[in-house]
Amino acid sequence: MGKLIFHGQSCTEIVTGDGTRLLVDPFLTDNPIADVGREHFHDRLDYILLTHGHYDHVADAWPLLQETEPTLIASFEIASYAQEVLGHGKAHPLHIGGGFDFPFGRVKMTPALHGGQVAGDGAEGYTTVPAGLLMTLDGTHIYHAGDTALITDMTLLEGQVDIALLPIGDNFTMGPEDAARAVDMIKPRVVIPMHYDTWPLIAQDAEAFRVRVEPLAEVVVMQPGDEYEF
Ligand code: NI
Ligand code: MN
C-alpha cells in the first residue's frame, strides 16, 4: 500500500509500498500554503518528477537535487538543464507519449496544454513542452495532470486512471467547470483537486467542486499535509 501526501499547489509527495519516496513538482519555500519545507525531505528523497518548468512547480527542485541527490524524471529539456547547467548527473529524460519502467513503477508522460518556460538560473535556452504524469505505482494508476487546459486528449486516458489529480484554480489552468468535464472524459475512481487557493487569484470553492463532481467520481479534497492511502 502506498500513500500520497499533498503539500499545496501541485506539490505531491508519494511513498510507494516499498518505501520509495517521490516528490512531484516541489514548491515549498515560496508556497504560502505549503505545510513543510525542504528539510522534510532531507532524510530521504529518491525521485523528483516535474510536469513542467514554471516556478510554482520547480522552485525547490533545484536545491533539493543538491541536498538529497534524487533522480530527476522530467522532459528532455528540463533533464538537459539539470545535467548541463546544474551539473546533476542523475536525470532521466522522458517525453510526451513515452513511458519507462522504473524500479518503483511506471511513469508515462501525457500531453498538457500550457506554457513552456523553464524557471531557473541559466535556463533561458531550455523551454519545454508541459506534460502530465501517468504513474503506475503498486498497481494503482495515478494521473497528475500538471498545469493544463481541458484537452480532448484526456479522452485517451479513459479506463487508465484510478486517481486523478486535476487543477481547478482557473486563470492559469482549467477551472472547476472544465475540470468537471475532464473527470467526465477520464472517468477516474477518485479525483483530487489541486492548483487552487495558493493565492487569491486562483481561489476556488473545492467543496462546491466536490458536490458537482461526486456523481462521476469520489472527490477527495486534501489540505496541505493531508495523506491519502492507495
Ligand atoms: Ni505552470
Ligand atoms: Mn502552476
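Residues numbered from 1 in each chain as written. Chains lettered and ligands numbered in written order. Predicted model: local features only at pLDDT ≥ 70, side-chain atom pairs only at ≥ 80, totals over all residues. Heavy atoms only, no water.

1. Topic: the pattern of salt bridges
Within the structure shown, the criterion is met by 10 salt bridges. Residue Glu214 is joined to Arg210 by a salt bridge in which the shortest nitrogen-to-oxygen separation is 2.6 Å. By relative accessible area, which is 32% here, Glu214 ends up partly exposed. Residue Arg210 is classed as partly exposed on the basis of its relative accessible area of 24%. (Salt bridge = Lys/Arg side-chain N within 4 Å of Asp/Glu carboxyl O. Buried < 20%, exposed > 50% of the residue type's maximum accessible area, 1.4 Å probe, protein only.)

2. Some thoughts on helix α5 (residues 206-213)
For an α-helix the count is 3.6 residues per turn, leaving residues at separations of three or four pointing the same way. Listed in full, the buried residues belonging to α5 are Ala206, Phe209 and Val213. Summarising the axial view, the buried residues of α5 lie within an arc of 55°, below the 170-degree limit, and thus occupy one face. The inward-facing, buried residues of α5 abut α4 (176-186), β12 (190-194) and β13 (218-219). (Helix = DSSP H or I, 4+ residues; strand = E, 2+ residues; numbered from the N terminus. Arc of directions from axis to C-beta. Contact = heavy atoms within 4.5 Å.)

3. What to know about the coordination of the nickel ion (ligand 1)
Coordination of the nickel ion (ligand 1) by the protein comes from His52 (NE2), His54 (ND1), His114 (NE2) and Asp147 (OD), over a distance range of 2.2 to 2.3 Å. Coordination at the nickel ion (ligand 1) comes from 4 donor atoms whose angles at the metal span 85 to 169°, giving a geometry best classed as irregular. Binding-site remark: the nickel ion (ligand 1) is held by donors from one chain whose sequence spacing is H-x1-H-x59-H-x32-D. (Donors = N, O, S within 2.8 Å, 3.2 Å for Na, K, Ca; no water. Tetrahedral: all angles 85-135°; square planar, octahedral: opposite > 155°, others 65-115°.)

4. So, the sheet that holds strand β2 (residues 12-15)
Read across the sheet, 7 strands follow the order β6-β5-β4-β3-β2-β1-β14 without closing on themselves; strand pairing throughout is mixed. Both edges of this open sheet fall to β6 (91-94) and β14 (227-229), since each of them pairs with a single strand only. Direction aside, neighbouring strands of the sheet carry axes that sit 20° apart on average. The pairing of strand β4 (residues 47-49) with strand β5 (residues 71-75) spans 3 bridges and is classified as parallel. From the neighbouring strand, Leu49 faces β5, where its bridge partner is Ile73. (Pairing = 2+ DSSP bridges. Axes fitted to C-alpha atoms, helices over the stretch in contact; angles between N-to-C directions.)

5. Remarks on the coordination of the manganese ion (ligand 2)
Six octahedral donors at a metal ideally form angles of 90 or 180 degrees, and four tetrahedral donors ideally form angles of 109.5 degrees. Looking at the metal site, the manganese ion (ligand 2) is ligated by Asp56 (OD), His57 (NE2), Asp147 (OD) and His195 (NE2), spaced 2.1 to 2.2 Å from it. Within one chain, the residues serving as donors to the manganese ion (ligand 2) are arranged as D-H-x89-D-x47-H. In this structure the nickel ion (ligand 1) is found 3.2 Å away from the manganese ion (ligand 2), and Asp147 serves as a bridging donor for the pair. Here Asp147 is found in the loop between β10 (140-144) and β11 (163-167), whereas its partner His195 is found in the loop between β12 and α5, with 48 residues between them in sequence. A relative accessible area of 2% places His195 in the buried class.

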